[in-house]
Structures are given as structure tokens and as C-alpha cells.
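So the chains spell out like this:
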Amino acid sequence: MTRTLIHGGLVITASDEVHADVLIEDGRIAALAAPGVLTADRTIDATGKYVIPGGVDAHTHMELPFGGTFASDTFETGTRAAAWGGTTTIIDFAVQSVGQALREGLDAWHAKAEGNCAIDYGFHMIVSDVNEDTLKEMDLLVEEGVTSFKQFMAYPGVFYSDDGQILRAMQRSADNGGLIMMHAENGIAIDVLVEQALARGETDPRYHGEVRKALLEAEATHRAIRLAQVAGAPLYVVHVSAMEAVAELARARDEGLPVFGETCPQYLFLSTDNLAEPDFEGAKYVCSTPLRPREHQAKLWQGLRTNDLQVVSTDHCPFCFTGQKELGRGDFSKIPNGLPGVENRMDLLHQAVVDGHISRRRWIEIACATPARMFGLYPKKGTIAPGADADVVIYDPHTEQVLSAETHHMNVDYSAYEGRRVTGRVETVLSRGVPVVTEREYTGHAGHGVFTPRSTCQYLN
Ligand SMILES: NC(=O)NCCC(=O)O
Ligand SMILES: [Zn+2]
Ligand SMILES: [Zn+2]
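Residues numbered from 1 in each chain as written. Chains lettered and ligands numbered in written order. Predicted model: local features only at pLDDT ≥ 70, side-chain atom pairs only at ≥ 80, totals over all residues. Heavy atoms only, no water.

### Some points on the coordination of the zinc ion (ligand 3)
Item 1. Protein coordination at the zinc ion (ligand 3): the donors are His59 (NE2), His61 (NE2) and Asp315 (OD), at 1.9 to 2.1 Å from the metal.
Item 2. One way to put it: the four donor atoms around the zinc ion (ligand 3) meet at angles of 87 to 134°, and that makes the site tetrahedral.
Item 3. In the primary sequence, the donor residues of the zinc ion (ligand 3) line up as H-x1-H-x253-D.
Item 4. The two metals, the zinc ion (ligand 3) and the zinc ion (ligand 2), are separated by 4.0 Å. Of this pair, His59 sits in strand β8 (residues 55-60) while Asp315 sits in the loop between β17 (311-312) and α12 (345-354), placing them 256 residues apart in sequence. Neither residue differs from the other here; His59 and Asp315 are each classed as buried. (Donors = N, O, S within 2.8 Å, 3.2 Å for Na, K, Ca; no water. Tetrahedral: all angles 85-135°; square planar, octahedral: opposite > 155°, others 65-115°. Helix = DSSP H or I, 4+ residues; strand = E, 2+ residues; numbered from the N terminus. Buried < 20%, exposed > 50% of the residue type's maximum accessible area, 1.4 Å probe, protein only.)

Rendered as C-alpha cells:
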């Protein structure tokens, strides 16, 4: 059994910052000790670097079918890119199509992922068809480690659930311990506004942002919160972008309700200015919930600082500009929804530390520890402590890099952050003690990553 020592770095977790050596044995963290005390067969020098837990990205969509095409990252390319960006666990969304059993959808996602992943992975289950059978299946999924379920108040005719279906799923999750994750936008009202905009000849990407109004995100967020309250269930609202939705979450949390919110780097760093880029370039930034005017960003940062928002995930859902985003030329509603970002999250959030939006420990909390706790993976994932999986990143906080499609590893022909200069860079990544990225060379392989069953949300126990 090889013993590896990470020597001389600043170990940062959600709760501590300490100069310590980290001993790894048998894929797990064996000990932390004062520098120089421990010895091992192999030593990684982390002098002047941060030693942080591998990122936990709780919201990805590899190979998602959407709008007549598929998200362009496979589990192989997407998890490799995640590793390059310092993320060592993803939780992807298996899809139940209408008329299908949950089991069928989940098995299909296992088949896509198994043997192909560079890093560990889990699944949430998208529930598109709430009926008696589906509700019973939810209990079984919780038992096998798929403990969270996404429902959509948007996309009528595709993923959409009405309020009755949502309430029934929430009641079930209140019983079986599952966590409902909500895409909170009033999709019925949005579809009316889409039709009216197109009838006026408003077809450019920027109209995607105009019809998907902040008030319709806030209204749906409020409705989801109250439905969860009636059901006696906890609630996690995904990809929050509107400040009015943050206010709904803050109010509910002040009332003591177990509601949680996630935002994404695109809402913190990009805006409707990007959606308005000419020559159809705005299509690169079409996602739902949509990018908002800049003034929303300050409220999202504030929400992250005050813990009204708890998690930053990517909602990584890449579509190439050529051939995929282009499906919506002349009709913004046909642009496949989603942005690439699984490789960029840890760096962008480190830049937020540099810019003074959050502290170093909060960086690790929102990107590693809290998503692990929220989705039942802690302390196996999300921290550096004896017994935890040795998912560790050596992070160079000083080197500058320029984000670009020329250099990224995601299987997509553009970067949403093209040309952006950030300070900090992943140097080495270990997944269960195995080097996946070694001094900026890829040393991982497809099939190293394994399905990781999860317990229920650890904020409710
Ligand atoms: N977010 C987005 O635009 N695409 C992925 C699907 C979803 O999360 O709603
Ligand atoms: Zn969504
Ligand atoms: Zn998503």
C-alpha cells in the first residue's frame, strides 16, 4: 500500500485554514500533521499552494437530450474536463421521459456513465411524469442512493409538472427523505410571452432573457416554497438567477423553513449584456433561468455571504455554437438551453475570493462541503479530514490564466468566459488518492470514476 504525503501547503476546508501535511493511504486521508512530522513513499510538494478538497459539482447534464439535440459533453469528456478544473465529484441528472418508469431512465444514465468517468459521480432523478408508480419508485431510488429528484415548473410538454404533481412528489419526499430540487420558473406564462414575442418579430437571443421574467422566477420560487411547506418537505431551488427569487428564499429561511438555494457562475459573472451580443453570438448565453441584468449579481453574492444561497453548481449543459445553438437562428425559443462551465467553477469562485466577494473558506464551503452535505456525500466528499476520500486539489493561487475555448477541455466550441483573466489555477488533482491531473498533465482515465450512492440530505438530520 503506497503512502503519499502532500507537504508544505495551506490546507483549506470549510471550517479551517492550517499549514499541514496531508497523509494519504489506501485512497483515503489517513492523517493531517504539522509540516515535516510525517513520512511516506511519495511526496507531493505543495509549498506556496493551497491544498483543498476536490470540488463537488451537484448540477451537471452530460449528454442531456434537449431541443432535438444532445448536450455535447459525454460522461468521458465532461468528467475529464471537470477534473482539469479541480472538481472530483459530479452529480448528474438522470431523466425520466413522460410515459417511462424512473427505473428505465436511471438505468439509461447508468449505462451512459459506467466505465466512462474520470471522477466519481452520483445521480439525481428528473421526474417528468408523477403517477402512482413513479411515486412508489421514488422510495426505491432513495434506498439505492439516488436521494434527490428534480421537478420543473417550466418547459410545458417536456419536463413540466403541474402544482398537483409537484405537491404529490413533495409529500412523497417528506416521507422517504428525498430532496425535491425545483426548476422554478412559471413555464405556462413564459410560453405565452414567447408566442407573443415571436409574433412581434422579436426572434433574437436577447428576447429569451426578456420573456423569462425575473418576476416569473420569483413567483414560481414562492409557489414552490409554499407547496413544500404544505407538504412538510424540504426544498432545494436550482439555478437561482433573479434577486427577487433570492428574496423569496431569504424570507422563507427567516420563517425557519428548510429551503435551500443554488446559484451558478454564469449568473455571478455574466449578464443580459452577453445575451444581447450581436450576430447571434448571444445564443452562446441562452440558458434557463436566464442571465439577468447586472444589478442582480450583487444580490446573488450577498445571498452567498449571508447563506440565503448555499451552493454554487455549474448547471453544465454545453451545446456547440455551430450546429447546435444555431438551431435557434430566427427563433430564440429553439436555441438549446444551457451553458458550459464544469471546468471553470473552482477558478471563477477563486477569482471571487481574489475580488473580495467571499472568503477562502466560504469558497470551499459553497463549492465542496455544502453540496456534499446537501446531497448526502459528507464527509466522504467535500472535506480534507481523516477517513475522507483522498479527493484533493493542489491549487496554485498566484498564477494567472486566461479562460478560452482554445485551451479548455470541455467538448464545446466556445467558452462563455472567453478571454477572461483569472488568478489561480489547478495544478494537481487526486481522486481517491489516484493522480488524475499531475502538474497540469492529464494522468487520469475513463473508468476510474465510480457511481457513488448517497445518503439523504444531511441538513435535515
Ligand atoms: N439550465 C439550462 O438552461 N439547461 C439545462 C436544463 C436545466 O437545468 O433546466
Ligand atoms: Zn433547470
Ligand atoms: Zn440543469
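What follows picks up the thread again.
### Comments concerning the side chain of Glu202
Item 1. Within the secondary structure, Glu202 sits in the loop between α5 (187-199) and α6 (206-211).
Item 2. Reaching out from Glu202, the side chain makes a polar contact with the side chain of Arg200 at a distance of 3.2 Å.
Item 3. Those residues in contact with Glu202 that sit more than four places away from it in its chain are Ala197, Tyr207 and Phe332. (Polar contact = N/O pair within 3.5 Å; in protein donor to acceptor, adjacent residues only side chain to side chain. Contact = heavy atoms within 4.5 Å.)

### Section: the state of the cysteines
Item 1. Tallied over the entire structure, the rule returns zero disulfides.
Item 2. Unpaired in this structure, Cys317 has its nearest cysteine sulfur neighbour in Cys287, at a distance of 9.5 Å.
Item 3. Exposure remark for Cys317: the relative accessible area of 3% places this residue in the buried category.
Item 4. No disulfide involves Cys320; its nearest neighbouring cysteine sulfur is the one of Cys317, lying 12 Å away. (Disulfide = S-S within 2.5 Å.)

### What about empty space enclosed by the protein?
Item 1. Counted by the stated rule, this structure contains two cavities of 30 Å³ or more.
Item 2. Taken as a whole, the largest cavity holds about 120 Å³ of empty space.
Item 3. Lining the largest cavity are 17 residues; nearest its centre among them are His61, Tyr155, Ser288, Asp315 and Asn337.
Item 4. Along the lines of polarity and charge, the residues of the lining of the largest cavity split into eight nonpolar, seven polar and two charged.
Item 5. Of the pockets and cavities examined, the second largest cavity occupies roughly 30 Å³.
Item 6. Lining the second largest cavity we find Ser241, Tyr267, Leu270, Arg292, Pro293, His296, Gln297 and Leu300. (1 Å grid on protein atoms, 1.4 Å probe; cavity = no way out; pocket = protein on both sides within 12 Å on 5 of 7 lines; lining within 4 Å. Points joined across faces, edges and corners; volume = space filled by probe spheres on them. Nonpolar A, V, L, I, M, F, W, Y, C, P; charged D, E, K, R; others polar.)

### With respect to the nonpolar core
Item 1. Core analysis: the largest hydrophobic core is formed by 133 residues, its most contacted members being Ile52, Met170, Met182, Leu235, Tyr236 and Trp363.
Item 2. A per-element tally of this core places helix α7 (residues 214-231) first, with eight residues.
Item 3. Among the nonpolar cores identified, the runner-up in size contains 15 residues, and Ile6, Ile24, Ile29 and Ile384 belong to it. (Core = buried A, V, L, I, M, F, W, Y, C linked by side-chain atoms within 4.5 Å.)

### Brief notes about the packing of aromatic side chains
Item 1. Throughout the structure, instances matching the rule amount to 16 aromatic pairs.
Item 2. Arranged with centres 5.8 Å apart and planes meeting at 25°, the rings of Phe123 and Phe451 form a pair that is stacked. You can see Phe123 sitting in strand β12 (residues 120-126) and its partner Phe451 sitting in the segment after β21 (441-442), a full 328 residues away along the chain.
Item 3. Here a set of aromatic residues connected by ring pairs shows up, and it is made of Phe66, Phe152, Tyr155, Phe159 and Phe319.
Item 4. Over the aromatic face of Phe321 sits the side chain of Lys284, whose NZ or CZ is 5.3 Å from the ring centroid.
Item 5. Of note, Arg373 hangs over the ring of Tyr378, and the distance from its end group to the ring centre comes to 4.0 Å. (Phe/Tyr/Trp six-rings, centres within 6.5 Å; stacked < 30°, edge-to-face > 60°. Lys NZ or Arg CZ within 6 Å of the ring centre and 35° of its normal.)

### Considerations on the coordination of the zinc ion (ligand 2)
Item 1. At this site the zinc ion (ligand 2) is bound by Lys150 (NZ), His183 (ND1) and His239 (NE2), with donor distances of 2.1 to 2.2 Å.
Item 2. Spacing between the donor residues of the zinc ion (ligand 2) along the chain follows K-x32-H-x55-H.

### Observations concerning the site of ligand 1
Item 1. Around ligand 1, the structure places 13 residues, and the nearest of them are Lys150, His183, Ser288, Asp315 and Asn337.
Item 2. A distance of 3.0 Å separates an oxygen atom of ligand 1 from a polar atom in the side chain of His183.
Item 3. At 2.8 Å, a backbone N or O of Ser288 approaches a nitrogen atom of ligand 1.
Item 4. Contact with the protein chains removes 100% of the 260 Å² of surface that ligand 1 exposes when unbound.
Item 5. Here ligand 1 is seated within the largest cavity.
Item 6. Across the shell around ligand 1, the residue classes tally to four nonpolar, seven polar and two charged. (Near = heavy atom within 4 Å. Areas by Shrake-Rupley, 256 points an atom, 1.4 Å probe, with all protein chains shown as cover. Sits in = over half its atoms within 2 Å of the grid points.)

### Things to note about the pattern of salt bridges
Item 1. Inspection of every chain in the model, using the stated rule, returns 29 salt bridges.
Item 2. Between Arg362 and Glu365 there is a salt bridge, with the nearest N and O atoms lying 3.0 Å from each other. Taken as a pair, Arg362 and Glu365 lie in helix α13 (residues 360-374) at a separation of three residues, close to a single helical turn.
Item 3. Of the residues examined, Arg362 reaches a relative accessible area of 11% and is grouped as buried.
Item 4. The class for Glu365 is partly exposed, based on a relative accessible area of 27%. (Salt bridge = Lys/Arg side-chain N within 4 Å of Asp/Glu carboxyl O.)

### Overview of the UniProt feature "domain: Amidohydrolase-related" (unreviewed entry) in the protein chain
Item 1. Per the UniProt record, "domain: Amidohydrolase-related" (unreviewed entry) is annotated on residues 50-434.
Item 2. Between the first and last C-alpha atoms of residues 50-434 the distance is 18 Å; the span itself is 37% helix and 19% strand. (UniProt positions renumbered as here; feature names shortened; annotations may be inferred.)

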